[in-house]
Amino acid sequence: MMDYSQFLSMPQEIGLLLVFLLVFIYDTFMPERTQRHLPVFTVIMMALYTIYCFCVPAVKEGTQVFFGGMFEANAATWVMKNILNVGTVLVLLQAVKWTNSDFVSVRRGEFYELTLLTLFGMFLMISARHFLLFVIGLETASLPIAALAAFEKRHYESHEAAAKYIFTAIFSSAIFLLGISFVYGMSGTLYFRDIASRIAGEHSALLIAALAFVIAGVGFKLSLVPFHQWTADVYQGAPTAVTSYLSVISKGAAAFSFLVILVQVFGAAYSQVWEWMLYAVIILTITLGNLFAMRQRNLKRFLAFSSISQAGYIMLGVIAVNVMGMSSMIYYVLVYIFSNLAAFGVIAAIERQTGRVTMDDYNGLFKTNPWLAFTMMLAMFSLGGIPPFAGFFSKFFIFVGACHQGSVAIYVLVLIALINTIISLYYYLLVVKAMFLRQDDCVIPTIKSHWSERAGLILCVLGIVFIGLVSCIYVYINGSLDAMGSMFKLIQ
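Residues numbered from 1 in each chain as written. Predicted model: local features only at pLDDT ≥ 70, side-chain atom pairs only at ≥ 80, totals over all residues. Heavy atoms only, no water.

Novice: So what's going on with the overall build of the protein? Residues and values would help.
Specialist: Check the secondary structure of the protein and you find 20 helices and two strands. In summary, the protein has a C-alpha radius of gyration of 22 Å against a globular reference of 23 Å for 492 residues, a match within 12%. In terms of its C-alpha atoms, the protein occupies a principal-axis envelope of roughly 65 × 55 × 45 Å. A buried classification covers 58% of the 492 residues belonging to the protein. The contacts in the protein between residues at least 6 apart in sequence include a share of 79% that link residues at least 24 apart. Approximately 19,300 Å² of the protein is accessible, and the part contributed by carbon and sulfur atoms is 69%. Each charge sign in the protein was given a centre, from 28 positive and 24 negative side chains, and these centres are 6 Å apart. (Helix = DSSP H or I, 4+ residues; strand = E, 2+ residues; numbered from the N terminus. Rg over C-alpha atoms; globule rule 2.2 N^0.38 Å. Buried < 20%, exposed > 50% of the residue type's maximum accessible area, 1.4 Å probe, protein only. Contact = heavy atoms within 4.5 Å. Areas by Shrake-Rupley, 256 points an atom, 1.4 Å probe, with all protein chains shown as cover. Lys, Arg positive; Asp, Glu negative; His and termini not counted. Charge placed at Lys NZ, Arg CZ, Asp CG, Glu CD.)

Novice: Could you give an account of the nonpolar core, naming the residues involved and the relevant values?
Specialist: Counting 168 residues, the largest nonpolar core has F111, F131, F258, F266, Y362 and M380 as the members making the most contacts within it. Residues in contact with F258, not counting those within four places in the same chain, are I215, V218, L222, L224, L278, M315 and V318. (Core = buried A, V, L, I, M, F, W, Y, C linked by side-chain atoms within 4.5 Å.)

Novice: Can you tell me about the packing of aromatic side chains, naming the residues and giving the values?
Specialist: Evaluated as defined, the whole model comprises 26 aromatic pairs. For the ring pair F54 and W78, a centre distance of 6.4 Å and an interplane angle of 80° mean the geometry is edge-to-face. Here F54 is found in helix α2 (residues 38-55), whereas its partner W78 is found in helix α3 (residues 75-94), with 24 residues between them in sequence. Look at F54 and you get partly exposed, because its relative accessible area is 45%. (Phe/Tyr/Trp six-rings, centres within 6.5 Å; stacked < 30°, edge-to-face > 60°.)

Now the structure itself:
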C-alpha cells in the first residue's frame, strides 16, 4: 500500500513544486500592472528555496530509499541538486531584463514555469533508481527545453534550434528506450540494483547492444562526440538565457545520472566490454570540441564547442567509477556553472543592447566596457584552467580523481586531456586578446547593464575567485590528496 508520508522525505522536490505553483498563481491571477515584477518574484522565491535546501540537512547515515526503491536520497544527490539550484538562480537573475522586453513579456510566465519544470525533471533523474522514473525525469527535463529554444518566435534561428533539438531528443530517447527494453528482456526488472545482480557475468551481444544504446541516449544530453551535432546550432539559435541554462544545468544533471547508471547497473559489463570505447569517446569529445572551437567567430557557437570539450573533462570523473571521481565531478560542475554563466552573462548583456555576438565585435571592448571585459577575461581564464582561478582546481581535482583508478590506460587518458587543456588555452585567450589588444573603429559603445545582469555577473565573479582562493589555501595547507579527502568527506 502506498505510504504518502514518503513525499515528506523529498524536501527539495516538494519545495521546487511549491515555487512552481507560486509562480504559476502569480502569472495567472495577478493584475496586469504587477506582471513586470514576476521575474523578480521568481528569483526571490528560487533564492529562498535554495537557501532552504542548504539548511535542510543531507542524509548523513547511508542512503534512504522511497517508493519501493524507485527513489533514492543520499548526501551526493543532496549536494548535486543544491548546485543545480544555485545555477538556476543565476540564470533566472540574468534573464530578468530579457523576460521584461517587449517581444518576450507576453510569455514571461511560461519561461519561468518551463524552466522550473525542467529542473524538477533533472531532480528525478538524479534520484531515480528505477528506469521508469528515470525516463519520466528525462522527458520532463528535455521536452520543455524545445519550447524554451523556440521562445523568440519572430526569429527564424530560434525556430530552427527548437526543431533540431526536439527531433534529436526524440530519436535519442527512442534509442535509449530500445536499450532499456533489451535490459528488461534480459533481467525482467527495471530496478537498477536488481538489474545489476541479474546480468552479472552476462556478456551476450544483446547486453552489449543495450549498453551502447543507453550510452548513446545519455550521450545526447551530455553532448558527447558523436552525439553532439545538435549542440552548436541549438546554442546559437536559442535565446542566450536558454542557452546558458542548457549548457550548465542540463549537463550537470546528465553527468551525475550517467555515473549512477554506469556504476549501479552496468558496472561489470562496462569494465569488461565498453571501458575502452568510453575512453575513445572522451578523447574524441575533448579533442574535437577544442579543434572546432578554434574555428568559431560567433561566441555562442564558440561556447557550444567549448561546452562539448568540457563535457569530456566531466566524463573523466564519471569514468573513474569511484567516490573520488564522483566528488571531483560534482566540484567540476560547480565551478563550470560559475565560469560558463559569467561568459554567457556578458554575451547576453551585450547582445540585448547591440545585437553583436561575434568575436570581432569584442575588439577593444576593454576601452568602453572595462567591467564586462574583466568579467569575460576571468571566465575565459577559469574555463581554460589558468591558476589561481577556480577552473584550474576543478581540472586538477578531476585529473587526480581519475588517476586514483590506477590503471595505465587512465594515465594515458589524463595525459591526453592535459595536452588538450594546453591547446584550449589558445582559443580562450583569443577572446581576451580581442578585448584588450585588438583595435576596431566600430567598437561596442558603453553599455549600461540592468541591475539583475550586474548582480548575476558579480555573483559569478565572486564564485570564480572565492572557490579558487579556498581551493588554493586547502591545497597549500593540506596537500593535494588531503585537500581532496576533505572535499570527499563533504560528499560522503
